[in-house]
Amino acid sequence: ETSGSILLSTGPAEKVGSIVLSTPVSDDATVDGISMMSGQSLLLGTTSQNKALTGSMRVITGSSVRQNAGGFNLETGSSLLAQGGAITMKVGASYGSNGGHVGIFAGDAYAAGTTGGLLTMSAGNGYGGIGGDVIIAAGTGSAASGSITISSGNGLTSTGPVSMISAKGGKPGNSGDVQLGSG
């Protein structure tokens, strides 16, 4: 037995209209959001084009004056007996130009005495075995590979430190090595 589908679509035209799903705006009350859920997969995408630019996709939270702005969480589900869901971010390949960029930026702080947002990349903990790895690798190339740059930011009085630390091991074990080498 198969249930029916729901299609929301605007008609074809030289200038195509939009479809907007919106909840009311409230200054003092909490407003329930919009939920999209699927029993299997959920696909959000833009259509392909031959001559024109393809559509872009933006997910934006609202701004606020008196309270914190809304957050954005991208999270997969857990599994009791198998692996948790993976998250993959990939830029499409180009066959006639340069590859696309991936940018991840923490928020700027403009008020005096404040600190810019924190950017954290951390592998998963292995509570019953070995923790996950973190791999940062530049792309290979037929002429030369890409480069990797690790740099602290500029400051009017001083710059931040750059630290490479191997964590302390437990009583029966050793701490890991720090290796720097050129091929």
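Scroll up a little and you will see the structure.
Keep in mind that what you see is a predicted model, and the values were worked out from it rather than measured. (Residues numbered from 1 in each chain as written. Predicted model: local features only at pLDDT ≥ 70, side-chain atom pairs only at ≥ 80, totals over all residues. Heavy atoms only, no water.)

Caption draft 1: Looking closely at the overall build of the protein. Across its full length, the protein carries zero helices and zero strands. By the compact-globule yardstick of 16 Å for 183 residues, the protein is too spread out, its C-alpha radius of gyration being 23 Å. Taking the principal axes of the C-alpha coordinates as reference, the protein spans close to 65 × 50 × 45 Å. Burial statistics for the protein: of 183 residues in total, 0% are counted as buried. Taking the contacts inside the protein whose residues are at least 6 apart along the sequence as the reference set, 2% of them involve residues at least 24 apart. Only carbon and sulfur atoms are counted for the fraction: they give 51% of the accessible area of the protein, which is about 18600 Å². Here the protein contributes 7 positively and 9 negatively charged side chains, and the mean placements of these two sets differ by 8 Å. (Helix = DSSP H or I, 4+ residues; strand = E, 2+ residues; numbered from the N terminus. Rg over C-alpha atoms; globule rule 2.2 N^0.38 Å. Buried < 20%, exposed > 50% of the residue type's maximum accessible area, 1.4 Å probe, protein only. Contact = heavy atoms within 4.5 Å. Areas by Shrake-Rupley, 256 points an atom, 1.4 Å probe, with all protein chains shown as cover. Lys, Arg positive; Asp, Glu negative; His and termini not counted. Charge placed at Lys NZ, Arg CZ, Asp CG, Glu CD.)

Caption draft 2: Molecular detail of the environment of Asn-125. For Asn-125, a relative accessible area of 58% translates into the label exposed. Separated by eleven residues in sequence, Asn-125 and Thr-114 place their C-alpha atoms 31 Å apart. A distance of 3.0 Å separates polar atoms of two side chains, one belonging to Asn-125 and the other to Tyr-127. (Polar contact = N/O pair within 3.5 Å; in protein donor to acceptor, adjacent residues only side chain to side chain.)

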